[in-house]
Amino acid sequence: MYGGLPAGTVRSLAACLAAPLARLHAAGYAHGALSPDAVLVAPDGPRLVRPRLTGSPQDDIAALGDVLTHAAAGRAPDDALLRRCSHEDPEERPTAQELADELGDEPFQPPARLLAALARQADRALALESAADAPPPAPLARPSRRTLLTAAGAGLLVGGGAVAGWVAGRGGTGALTAPAVAGRRTTAKPATVPRGTPPAALWRYEAKNQFLHNVNTGLWHDTHPDGTHVVYLAEFPALTALDMSDGRPVWQRVGIDSNEPMLPGEPGTLILQCYGELVTVATDDGRQRWGKRPYGVGELVLSELLACDKRRGILYCKANGPDNFTKGATPRSYLVSFDLVGRKERWRLQVPVAKSGAFIFLPGKDELHVLYKEDGAVELAEVDIASGTMGPPVRHTWTTEGATISADTLSGQVYQVHQGRVTAAPLRSDKPSWEINLNDDDGDGTGTGVYVDVPHVLRVPGLGTVVYVTDANRTVYAVDPADGREIWRRDLLPDPPYATRKAPGLSLTKSARTLLTWGGGAGVVALDPRSGAYKWSFQSSQAASSLYTAFVVDNTALVVNDSTVIALPAG
């Protein structure tokens, strides 16, 4: 994430880790969990943390070789002795004691950019703690060297972790760069924010559910009658309303057994699906307003809440036939219009989908469309809002089998992503208007190409409608939807090599001045949506392999990382 460490620093890193490994092995133990996330880097040297005391010393040495390669951004160490750590034959690997003897007591040599990263992480921790509105700590005595060495937050994990809150009230950044004066309490001075430093966190909320990003594909928010701006967070099996000003719970209701996306329903309500039952919850106190199971056993099965037309009091849902999961059965998928006032189905439309049973629902202000695949072609059909009658479809025969299809009414186009290529065609035309090639080899080879996510179509002042595309190489592209012309591209720092390789997600603030990209261990990166210029990046205190999601509420980014929600001003 910081461009890898130079060869001299990698060698001194090996020396600092070999000594404790040698002592551990001499005592008859193995670390058993040596990885980038088990190496904590502080200004005066690295620490070996998180031992499991399992495995063998030879396994530790092989893991040490992987750590050194990772620290050098994927380059094998130049030193022949260090390269032997990764030898396939355990007998050819050096012992930890041999490494310690050969490398000696070599001092750690952190480059300037690593010291700067430590300082930035300390500033982030201070910002998060100050946002928690905790009472000031009592004056502390000067910490001992042992205290400083064992404070797990006093540095950076090689895997990209972060700093704990021990630095708050103990000198801040100075506690990292000059531990000897960490006990002095001084009056804070105005600080100059370095370029690229993320904004100070507004607040932080720790949820009970570890996998928030799985059950919160969208965060809904509104303003209560008393003026409180609230965001609703699913913490299966609970539902929580958070005050957007400070992150404190306004209310929390347990027993909400739903891990499906929620939608705003009638005024003052949220609507959820709980095991086939539609449930509405009051937004002011979280109490259930009503519940309705629209279908009995052997009838349709609700699978997804799609959209709510609050003006007409209609909820649109996706439903499956009762035999969809029967082996050999043809899937039956339905678009359902449910009357929220009368609490009953208004109509159902069986969409003539292919074997996948999937279709895309495109709601508009006064029109509905469904996009589905049948007989090897993608078809777009308009649906009558009152009756659910489907009109004659427009066939898109240009699409490729196995491709990912999406559509957008803002740009009025159907998009296909296949083997690193993005193709666009007007919604009502069977002829593509443009295609761009984002393939790794940038040629006409038969390779599968880099994974490319579905396009995001956004409206940006000064540019108009823009198609944003991301790929698994962590490149962001801005494309003109009219002709496929590339407006700009931005290469982001890579995820750690052991993290899941996927294309970053995208969010745009209400002001349209900040485009947030997020995904794996490289955290959240803010770009200028007009030029692609880098603005800042943010990491939480979790491991570098954990996933990030950045939801936008007006001009505030709610960063979800494991069980943590952090609010950042992002306008």
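Scroll up to find the structure.
Because the structure is a prediction, the values reported are computed rather than measured.

**Considerations on the packing of helix H1 (residues 7–26) against helix H2 (residues 57–71)**
And step 1. Where H1 contacts H2, the axes come no closer than 11 Å and their chain directions differ by 160°. Looking at the two axes, H1 sits roughly antiparallel to H2. In the crossing of H1 with H2, the sense of the turn from one axis to the other is right-handed. Note on element contacts: H2 touches H1 through Pro57, Asp60, Ile61, Leu64, Leu68 and Ala71, opposite Val10, Leu13, Ala14, Leu17, Leu21 and His25.
And step 2. Classifying every residue of the contact of H1 with H2 gives 10 nonpolar, 1 polar and 1 charged.

**So, the pairing of strand E16 (residues 344–351)**
And step 1. Where strand E15 (residues 333–339) lies against E16, 7 bridges are found, and the strand directions are antiparallel. Within E16, the position partnered with leucine 335 by the bridge is leucine 349.
And step 2. Once E15 ends, the chain turns through 4 residues before running back antiparallel as E16, passing arginine 343 with a positive phi of about 55°.

**Section: the nonpolar core**
And step 1. Within the largest apolar cluster, 28 residues are counted, with the highest numbers of intra-cluster contacts made by Leu13, Leu34, Leu64, Leu68 and Leu99.
And step 2. By residue number, the principal contributor to this core is H1, which donates 8 residues.
And step 3. Leucine 34 has contacts with Leu21, Val39, Leu48, Asp60, Ala63, Leu64 and Val67, leaving out every residue within four places of it along the chain.
And step 4. Ranked by size, the runner-up nonpolar core spans 16 residues in total, among them Ile314, Tyr316, Leu349 and Val370.

**Regarding a negative patch on the surface**
And step 1. A cluster of acidic residues, Glu88, Asp89, Glu91 and Glu92, forms a negative patch at the surface.
And step 2. Structurally, glutamate 92 is set in the loop between helix H3 (80–83) and helix H4 (96–103).
And step 3. With relative accessibility at 39%, the residue glutamate 92 sits in the partly exposed group.

**Considerations on the packing of aromatic side chains**
And step 1. Within the structure shown, the criterion is met by 5 aromatic pairs.
And step 2. Pairing tyrosine 415 with tryptophan 434 gives two aromatic rings, centres 6.3 Å apart and planes at 55°, and the pair type is tilted. Here the residue tyrosine 415 occupies a position in strand E22 (residues 413–418), and tryptophan 434 occupies one in strand E24 (residues 434–437), the gap between them amounting to 19 residues.
And step 3. Of the residues examined, tryptophan 434 reaches a relative accessible area of 6% and is grouped as buried.
And step 4. A ring pair is formed by tyrosine 468 and tryptophan 488, whose centres lie 6.0 Å apart and whose planes are at 55°; its orientation type is tilted. One end of the pair, tyrosine 468, is in strand E26 (residues 464–470); the other, tryptophan 488, is in strand E28 (residues 486–491), with 20 residues separating them in the sequence. Here tyrosine 468 matches tryptophan 488 in class, with each residue buried.
And step 5. By the ring-pair criterion, three or more aromatic residues cluster together here, those being Tyr316, Trp347 and Phe361.
And step 6. We note lysine 318 situated over the ring of phenylalanine 359; from NZ or CZ to the ring centre the distance is 4.6 Å.

Procedures and definitions
- Residues numbered from 1 in each chain as written.
- Predicted model: local features only at pLDDT ≥ 70, side-chain atom pairs only at ≥ 80, totals over all residues.
- Heavy atoms only, no water.
- Axes fitted to C-alpha atoms, helices over the stretch in contact; angles between N-to-C directions.
- Helix = DSSP H or I, 4+ residues; strand = E, 2+ residues; numbered from the N terminus.
- Parallel < 35°, antiparallel > 145°, perpendicular 65-115°, else oblique.
- Left-handed = near helix turned anticlockwise from the far one by under 90°.
- Contact = heavy atoms within 4.5 Å.
- Nonpolar A, V, L, I, M, F, W, Y, C, P; charged D, E, K, R; others polar.
- Pairing = 2+ DSSP bridges.
- Core = buried A, V, L, I, M, F, W, Y, C linked by side-chain atoms within 4.5 Å.
- Buried < 20%, exposed > 50% of the residue type's maximum accessible area, 1.4 Å probe, protein only.
- Patch = residues over 30% accessible without salt bridge, like charges linked within 9 Å, V, L, I, M, F, W, Y side chains within 5 Å.
- Areas by Shrake-Rupley, 256 points an atom, 1.4 Å probe, with all protein chains shown as cover.
- Salt bridge = Lys/Arg side-chain N within 4 Å of Asp/Glu carboxyl O.
- Lys, Arg positive; Asp, Glu negative; His and termini not counted.
- Charge placed at Lys NZ, Arg CZ, Asp CG, Glu CD.
- Phe/Tyr/Trp six-rings, centres within 6.5 Å; stacked < 30°, edge-to-face > 60°.
- Lys NZ or Arg CZ within 6 Å of the ring centre and 35° of its normal.

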